[in-house]
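Coordinate inspection notes
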Amino acid sequence: MKLITSKDNPLYKELKQLAASSQARRRAGQTLLDGVHLAQAWLQHRGAPQLCVVAESAQRHPEVAPILAECERNRTQCLVLSDNLYGALSQVENGVGLLLLVATPHPEAPQALEQSAVLLDGLQDPGNLGSVLRSAAAAGIGQVFCSAGTAAAWSPKVLRAGMGAHFLLNIYENADLERLCACSKIPVLATSSHAAQTIYQCDLAGAAAWLFGHEGQGVAPQLMEMASQEVAIPHLGQMESLNVAAAAAVCFFEQVRQRQDRG
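Residues numbered from 1 in each chain as written. Predicted model: local features only at pLDDT ≥ 70, side-chain atom pairs only at ≥ 80, totals over all residues. Heavy atoms only, no water.

Section: the packing of aromatic side chains
- Enumeration according to the criterion identifies four aromatic pairs in this entry.
- Between the aromatic rings of phenylalanine 212 and phenylalanine 252, the centroid separation amounts to 6.1 Å while the plane-to-plane angle is 80°, which identifies the pairing as edge-to-face. Pair noted here: phenylalanine 212 is in strand S10 (residues 209–213) and phenylalanine 252 is in helix H10 (residues 244–261), with a separation of 40 residues, a long-range link. No difference in accessibility class separates phenylalanine 212 from phenylalanine 252, as the two residues are buried.
- Through successive ring pairs, a cluster of aromatic residues spans Trp42, Trp154 and Phe167. (Phe/Tyr/Trp six-rings, centres within 6.5 Å; stacked < 30°, edge-to-face > 60°. Helix = DSSP H or I, 4+ residues; strand = E, 2+ residues; numbered from the N terminus. Buried < 20%, exposed > 50% of the residue type's maximum accessible area, 1.4 Å probe, protein only.)

Right, dumping it as structure tokens:
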């Protein structure tokens, strides 16, 4: 393992730029996974990273040491940074001192929707996006399509909120949602407080594509018109609507319930 103690080291400068800039991550086609949980999930589901970075004081941490050992078995380069250099890279307070550098996955997008999926139109908040991804993965949904106006799915904040869900999903960014709706071979469902039918009255046992939009403005009107059906989430309290991540979770797991009930 190579120890770096100078902030002028070229590799360290590159890592610092990736940690600080979404544009740099897009140009490089790379992202950073911060923390033990994300590192473990990547190794389990995606294999070896491009680079393993550890703080000098964390090398013998009981959760970090096995990850370092696995990376070395996979012939992954492991880099040790002095603690002050590492601290300038990590956005996690009181983290254990471990980062993985990985290539951002870019799966080939399908031509039409044929399996349960999530369509996200302009979702802005990284925490909401990560939560939606986490719920989708837990519900067995495999595809997520993000419009050009949606938050960057592989940013550090979204990755932390997703808690490893990214590695179980095919995530398609800058997706043409209108084309997908037009070519969909399965129902496209959008939630609306004005819908006559609730999700509990709707037949969700088959594949469906769930359409969710911007936290304040919702789904764009022209896209909403392309949905196969609008469905409501009933609630008893006086709140006008649910947070988009909460609404998505309710929908996904009502679909799970119906599927399980029908065997």
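Concerning the environment of glutamate 215
- With respect to the helices and strands, the residue glutamate 215 is situated in the loop between S10 and helix H9 (221–224).
- Contacts of glutamate 215, omitting those with residues within four sequence positions, involve Gly122, Leu123, Gln124, Asp125, Asn128 and Val244.
- A polar contact of 3.0 Å, which involves the side chain of glutamate 215, links it to the backbone nitrogen of glutamine 124.
- Side-chain polar atoms of glutamate 215 contact the side chain of asparagine 128, separated by 3.1 Å. (Contact = heavy atoms within 4.5 Å. Polar contact = N/O pair within 3.5 Å; in protein donor to acceptor, adjacent residues only side chain to side chain.)

A word on the side chain of serine 90
- Relative to the helices and strands, serine 90 resides in the loop between helix H5 (83–89) and strand S5 (98–103).
- Residue class for serine 90 comes out buried when judged on its relative accessible area of 16%.
- At 2.7 Å, the side chain of serine 90 forms a polar contact with the side chain of aspartate 34.

Things to note about the environment of phenylalanine 252
- The exposure class of phenylalanine 252 is buried, given its relative accessible area of 0%.
- On a C-alpha basis, the gap between phenylalanine 252 and leucine 43 in space is 27 Å, while along the polypeptide they are 209 residues apart.
- Beyond its immediate chain neighbours, meaning those up to four positions away, phenylalanine 252 contacts Val118, Val132, Ser135, Ala136, Ala139, Ile141, Trp210 and Phe212.

Some remarks on the side chain of glutamine 255
- Here glutamine 255 is to be found in helix H10.
- The exposure class assigned to glutamine 255 is buried, which follows from its relative accessible area of 2%.
- One polar contact links glutamine 255 to tryptophan 210, side chain to side chain, over a distance of 3.1 Å.
- When sequence neighbours within four positions are dropped, the list of residues in contact with glutamine 255 reads Ser116, Ile141, Leu204, Gly206, Ala207, Ala208 and Trp210.

So, the sheet that holds S5
- Ordered in space as S1-S4-S3-S5-S2, the five strands form an open sheet in which the pairing is mixed. Two strands bound the open sheet, and with one partner strand each, they are strand S1 (2–4) and strand S2 (30–34). The mean inter-strand angle of the sheet, taken between neighbouring strand axes irrespective of direction, is 25°.
- Looking at chain direction, strand S3 (residues 51–55) and S5 are connected through four bridges and run antiparallel. Each residue of the ladder has a partner; that of leucine 51, found in S5, is leucine 101.
- Against the sheet, helix H3 (residues 36–45) makes contact with S2 and S5, and its axis sits at roughly 40° relative to S5, the strand it touches most. (Pairing = 2+ DSSP bridges. Axes fitted to C-alpha atoms, helices over the stretch in contact; angles between N-to-C directions.)

Here's the deal with the sheet that holds strand S11 (residues 229–231)
- The parallel open sheet is built from six strands, whose spatial order is S8-S7-S6-S10-S9-S11. The open sheet has two free edges, formed respectively by strand S8 (170–172) and S11, since each of these has just one partner strand. If you compare each strand with its neighbour and ignore which way they point, the axes differ by 25° on average.
- Note: strand S9 (residues 188–191) against S10, three bridges, orientation parallel.

Some points on the packing of H3 against helix H4 (residues 64–73)
- Viewed as axis vectors pointing N to C, H3 and H4 meet at an angle of 35°, and their least axial separation amounts to 11 Å. Regarding H3 and H4, the two cross each other, and that crossing is left-handed. Counted together, Val36, Ala39, Gln40 and Leu43 of H3 and Val64, Ile67, Glu70 and Cys71 of H4 form the full contact between these two elements.
- For the contact of H3 with H4, a count of residues per class yields six nonpolar, one polar and one charged. (Left-handed = near helix turned anticlockwise from the far one by under 90°. Nonpolar A, V, L, I, M, F, W, Y, C, P; charged D, E, K, R; others polar.)

Re the nonpolar core
- The biggest cluster of nonpolar side chains holds 72 residues, and the ones touching the most others in it are Val53, Leu81, Val118, Leu120, Trp210, Phe212 and Phe252.
- If we skip the residues at most four places from it in the chain, valine 118 touches Val132, Ala136, Ile141, Gln143, Val144, Phe145, Trp210, Phe212 and Phe252.
- Core analysis: the next-biggest nonpolar cluster, separate from the first, contains 19 residues, Ala117, Leu119, Val188 and Leu211 among them. (Core = buried A, V, L, I, M, F, W, Y, C linked by side-chain atoms within 4.5 Å.)

Let's talk about helix H6 (residues 126–138)
- In this model, H6 (13 residues) spans 18 Å end to end at C-alpha, consistent with the 18 Å of a helix rising 1.5 Å per residue.
- Taken as a whole, H6 has its buried residues at Asn128, Leu129, Gly130, Val132, Leu133, Ser135, Ala136 and Ala137.
- Along its buried surface, H6 packs onto strand S6 (117–121), strand S7 (143–146), helix H7 (156–162), S8 and H10.
- Sitting at the head of H6, aspartate 125 places a side-chain oxygen 3.0 Å from the backbone nitrogen of glycine 127. (Expected span 1.5 Å × (residues − 1).)

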